[in-house]
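# Residue-level structural notes
These are the residues of each chain, in order.
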Amino acid sequence: MTTMYALEPAADPMLCSGHAACPGCMDALSVRHVLARIGTNAVAVIPPSCMAIIAGPQPYSSLKIPVYQPTLEASAAAASGLRRALDAQGKHDTHVLVLAGDGGTYDIGLQCLSSAAERNENILYICLDNEGYMNTGAQKSSSTPHYARTSSTPSGKPTRKKNLTAIMAAHGVPYAATASIGFLPDMLRKVEKAKATRGFRILTLLVPCVDGWGLADDAGLQAARLAVECGAFPLYEVEDGNRYTLNHTARTRPVSDYLALQKRYRSMGQADIEALQAEVDQGWNWLLRLAQPEEAQMAP
Ligand SMILES: Cc1ncc(C[n+]2csc(CCOP(=O)(O)OP(=O)(O)O)c2C)c(N)n1
Ligand code: SF4
Ligand SMILES: [Mg+2]
C-alpha cells in the first residue's frame with residue numbers, strides 16, 4: 001500500500017521543508033496532503049496551535065499560500081470576514097481554509113464556529129485534532145478521550161471525548177466528516193469533496209501527536225490506523241445534517257491494541273480498559289443506527 005502515500009503533487013509541496021514540527025508529526029504530514037489537494041488559490045486562517053508554529057511567525061511562513069493568524073477564539077469569524085472581503089473583490093473561487101487545533105475548535109472557538117455554521121458561511125474548516133492543547137504542554141481539551149493522561153489530568157481524563165462532527169451535523173451544514181491520515185485515500189477524497197462543495201464544510205482530522213500521546217517517533221501513522229480499526233475514531237461523513245455514511249465499516253481490533261501504543265494510557269487498569277471498550281462499542285452502535293455503510297470496504 002506504500003504507493004498510496006505518495007504526496008501529490010510530489011514536485012511542489014505547499015508546506016515547505018525546514019518547518020518547526022516535531023519529527024514524526026502527523027499534523028504536518030496531514031496538512032501537506034490537504035494543501036496539495038486544495039491548491040494555490042486559497043488563503044489560510046491559522047489560530048495559535050502547533051500548526052501556527054509549523055507555519056512560522058509572521059511575516060515568515062512555511063506555507064505557499066497567504067496565512068492570517070487570528071486569536072484562538074476567532075478563527076471562524078476571521079474566516080467569515082475574509083470570505084466576504086474576497087467576495088467583494090469578485091474572488092469567489094478563492095478558498096478560505098481554516099487550519100485550527102482541537103482546543104481552538106471544540107473549546108475556545110466553539111461559539112464563533114457554531115455561528116459561522118448557522119450562517120452557512122462558505123468556508124472550509126479543518127480541525128487538526130491531536131486531542132489536547134499540545135503546543136502549550138499537552139493539557140486536556142474536550143476532545144481528549146476518556147482515561148487519557150495529560151499534564152492537566154495526570155490521573156486520566158474523567159470524562160469522554162466530545163463528538164464535534166455530530167454537533168456540526170446538528171447545524172444542518174452541507175458537509176461534516178471525520179478523516180485520518182492512516183486512511184489517506186479516504187482523507188483525500190473528503191478534501192476533494194469538501195473543496196467542491198459550497199457553504200460551510202468541516203473536516204475533523206485525527207492527527208496523533210508523538211509528544212502528547214507518548215508515541216514512538218515512527219508510530220504516528222500506525223496510531224492513525226489503529227484508532228479507526230478499533231472504532232475509537234470512526235470514519236464517517238454527514239451531508240446536509242442528515243445523510244450519515246460510515247466509510248470504514250469493520251472493526252478488526254480491540255481498543256487495547258490502540259492503547260498499547262501510547263504512554264498517555266500507561267498504567268490504565270483492566271476495569272478501565274473494559275469500560276473504555278464498552279464506550280467505544282456504544283459509540284459504534286450509535287453510528288450504525290444513523291449511517292449507511294459505504295459500499296466498498298477501504299484499505300488503509
Ligand atoms: C483565549 C486563549 N486562551 C489560551 C491561549 C493560549 N494558548 C495558545 S495555543 C493553546 C493551545 C491550543 O490547542 P489546540 O487548539 O488543540 O492546538 P495544538 O497546540 O494542540 O495544535 C493555548 C491554550 C490563547 N492563545 N488564547
Ligand atoms: S507537539 Fe505533537 S502535534 Fe505539535 S508539532 Fe509536536 S508532534 Fe506535532
Ligand atoms: Mg490540539
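Please refer to the structure higher up on the page.
Residues numbered from 1 in each chain as written. Chains lettered and ligands numbered in written order. Predicted model: local features only at pLDDT ≥ 70, side-chain atom pairs only at ≥ 80, totals over all residues. Heavy atoms only, no water.

### Examining unusual backbone geometry
For A138, which is not glycine, the phi dihedral falls at a positive 60°. Following the sequence through the fold, A138 ends up in the loop between β4 (124–129) and α6 (164–169). Classification of A138 as buried rests on a relative accessible area of 14%. (Helix = DSSP H or I, 4+ residues; strand = E, 2+ residues; numbered from the N terminus. Buried < 20%, exposed > 50% of the residue type's maximum accessible area, 1.4 Å probe, protein only.)

### Thoughts on helix α10 (residues 270–290)
Helix length check: α10, at 21 residues, gives a terminal C-alpha distance of 31 Å against a target of 30 Å (1.5 Å per residue), a fit within 8%. Listed as buried for α10 are I273, L276, E279, V280, W284 and L287. Buried residues of α10 fall within an arc of 135° about the axis and therefore sit on the same side. The exposed set on the far side of α10, more than 90 degrees from its buried face, consists of Q270, A271 and R289. (Expected span 1.5 Å × (residues − 1). Arc of directions from axis to C-beta.)

### Structural notes on the state of the cysteines
One pass over the full model with this rule turns up 0 disulfides. C127 provides the cysteine sulfur closest to C112, a residue in no disulfide bond, and the two sulfurs are 13 Å apart. The exposure class of C112 is buried, given its relative accessible area of 7%. Considering cysteine sulfurs only, C209 is the nearest to C230, which forms no disulfide, with 18 Å between them. (Disulfide = S-S within 2.5 Å.)

### A short note on the site of ligand 1
The immediate surroundings of ligand 1 are formed by 16 residues, with C50, G103, G104, G132 and N135 found nearest. Here an oxygen atom of ligand 1 sits 2.9 Å away from a polar atom, N or O, in the main chain of C50. Within the complex, the protein chains bury 75% of what would otherwise be the 590 Å² of accessible surface of ligand 1. A breakdown of the residues in the shell around ligand 1 according to their chemical character gives 6 nonpolar, 8 polar and 2 charged. (Near = heavy atom within 4 Å. Polar contact = N/O pair within 3.5 Å; in protein donor to acceptor, adjacent residues only side chain to side chain. Areas by Shrake-Rupley, 256 points an atom, 1.4 Å probe, with all protein chains shown as cover. Nonpolar A, V, L, I, M, F, W, Y, C, P; charged D, E, K, R; others polar.)

### Concerning the layout of surface pockets
Here the largest pocket is characterised by a volume of approximately 660 Å³. Lining the largest pocket are 30 residues, and of these K161, N163, A232, P234 and G283 lie nearest its centre. Elements represented by at least two residues in the lining of the largest pocket include exactly α6, α9 (255–259) and α10. Its residues assigned to classes, the lining of the largest pocket shows 18 nonpolar, 7 polar and 5 charged. (1 Å grid on protein atoms, 1.4 Å probe; cavity = no way out; pocket = protein on both sides within 12 Å on 5 of 7 lines; lining within 4 Å. Points joined across faces, edges and corners; volume = space filled by probe spheres on them.)

### Looking at the sheet that holds strand β5 (residues 175–180)
Where strands meet in a sheet, backbone hydrogen bonds hold them as pairs that are either parallel or antiparallel. Taking strand neighbours across the sheet as the criterion, the 9 strands line up as β2-β1-β3-β4-β6-β5-β7-β8-β9 in an open arrangement whose pairing is mixed. In the strand order of this sheet, the two ends are held by β2 (67–68) and β9 (291–293), each with one partner. In terms of strand pairing, strand β1 (residues 42–45) meets strand β3 (residues 95–101) through 4 bridges, oriented parallel. Residue V43 lies in a different strand from β3, and its bridge partner there is V96. (Pairing = 2+ DSSP bridges.)

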